[in-house]
Amino acid sequence: MSNANMWTPDDGPGSEAAVIEVFTTWLVGQGWECAELPRYGDRPDIDARRPDGRRLIVEAKGFTRDAGTDLDTGYGQLLRRMKGEPDTAYALVVAGSVVRFAQRVPSEVRNKLGISLYTVDASGEVELIDGTPL
């Protein structure tokens with residue numbers, strides 16, 4: 001597959017927008033309700049809830065020229081959103097092509113922080129890399 005369409009966060013199969021769209025659709029299929037959020041601003045990429053009261057806060061990152069820094073930013077965004085709320089889970093969802101950057105934070109650290117790591121590949125498949133399944 002060509003990376004020609006993957007150099008922008010707004011277009012292409014590895015873009016952040018595509019990762020958000022695919023993961024949101026997957027969550028809805030798993031019984032989550034995803035809030036409509038403004039595209040920009042200080043808010044999570046996905047804020048999802050289950051009828052039983054569970055909440056999921058998601059930061060998503062796609063393929064960019066500086067994916068390493070973008071993934072570091074994603075972790076920081078999740079950490080800022082952690083408020084100690086009961087029944088709230090956290091996930092970092094990344095394009096499959098950049099998962100190696102997300103894995104620079106060891107799984108033991110992600111697990112202690114309660115951050116699950118998911119990927120969305122170019123064909124739209126969602127996979128749990130590690131963490132608590134939703």
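Report on the accompanying structure. Small disclaimer: the values here were computed from a predicted structure and weren't measured. (Residues numbered from 1 in each chain as written. Predicted model: local features only at pLDDT ≥ 70, side-chain atom pairs only at ≥ 80, totals over all residues. Heavy atoms only, no water.)

In this section: the overall build of the protein chain. When helices and strands are tallied, the protein chain shows four helices and six strands. Along the protein chain, from the amino end to the carboxyl end, the secondary structure elements read α-β-β-β-α-β-α-α-β-β. Against the compact-globule benchmark of 14 Å for 134 residues, the protein chain has a radius of gyration of 14 Å, which places it among compact chains. A principal-axis box enclosing the C-alpha atoms of the protein chain has dimensions of 40 × 30 × 25 Å. Relative to its full complement of 134 residues, the protein chain shows a buried share of 38%. Long-range pairs, those at least 24 residues apart, make up 50% of the contacts in the protein chain between residues at least 6 apart in sequence. Just so you have it, the protein chain exposes about 7200 Å², and 50% of that area is on carbon and sulfur atoms. Taking the average place of the 15 positive charges on the side chains of the protein chain and the average place of its 21 negative ones, the gap between the two points comes to 5 Å. (Helix = DSSP H or I, 4+ residues; strand = E, 2+ residues; numbered from the N terminus. Rg over C-alpha atoms; globule rule 2.2 N^0.38 Å. Buried < 20%, exposed > 50% of the residue type's maximum accessible area, 1.4 Å probe, protein only. Contact = heavy atoms within 4.5 Å. Areas by Shrake-Rupley, 256 points an atom, 1.4 Å probe, with all protein chains shown as cover. Lys, Arg positive; Asp, Glu negative; His and termini not counted. Charge placed at Lys NZ, Arg CZ, Asp CG, Glu CD.)

Note that an α-helix has 3.6 residues per turn; residues three or four places apart therefore point the same way. With 15 residues, helix α2 (residues 67-81) extends 21 Å from end C-alpha to end C-alpha; this agrees with the ideal 21 Å at 1.5 Å per step. Taken together, the buried positions of α2 are Ala67, Gly68, Leu71, Gly74, Tyr75, Gln77, Leu78 and Arg81. (Expected span 1.5 Å × (residues − 1).)

So, on to the sheet that holds strand β2 (residues 46-49). Spatial strand order, β1-β2-β3-β4-β5-β6: six strands in an open sheet with mixed pairing. The open sheet has two edge strands with one neighbour each: β1 (33-34) and β6 (126-130). With four bridges joining them, β2 and strand β3 (residues 55-61) adopt antiparallel strand pairing. Residue pairing in the sheet places Ile46 in a bridge with Val58 of β3. (Pairing = 2+ DSSP bridges.)

Right, let's get into the layout of surface pockets. Looking at the largest pocket, its volume works out to about 570 Å³. Together, 24 residues line the largest pocket, and Glu16, Ile20, Arg39, Arg43 and Asp45 are the ones closest to its centre. Looking at the lining of the largest pocket, the elements with two or more residues in it are α1 (16-29), β3 and α2. It is α1 that provides the largest number of residues to the lining of the largest pocket, a total of five residues. Across the lining of the largest pocket, the residue classes break down as nine nonpolar, three polar and twelve charged. (1 Å grid on protein atoms, 1.4 Å probe; cavity = no way out; pocket = protein on both sides within 12 Å on 5 of 7 lines; lining within 4 Å. Points joined across faces, edges and corners; volume = space filled by probe spheres on them. Nonpolar A, V, L, I, M, F, W, Y, C, P; charged D, E, K, R; others polar.)

Before going further, it helps to examine the pairing of strand β5 (residues 115-120). The buried fraction of β5 is high, at six of six residues. With burial as the criterion, each face of β5 is covered, one bearing Ile115, Leu117 and Thr119 and the other bearing Ser116, Tyr118 and Val120. Note that strand β4 (residues 88-95) and β5 share six bridges and pair parallel. Looking at the pairing, Ala95 lines up with Val120 of β5. Bridging between β5 and β6 involves four bridges; their strand directions are antiparallel. Residue Leu117 lies in a different strand from β6, and its bridge partner there is Asp130. Hairpin geometry of β5 and β6 is characterised by an intervening segment of five residues between the two adjacent antiparallel strands and by a positive phi of about 90° at Gly124.

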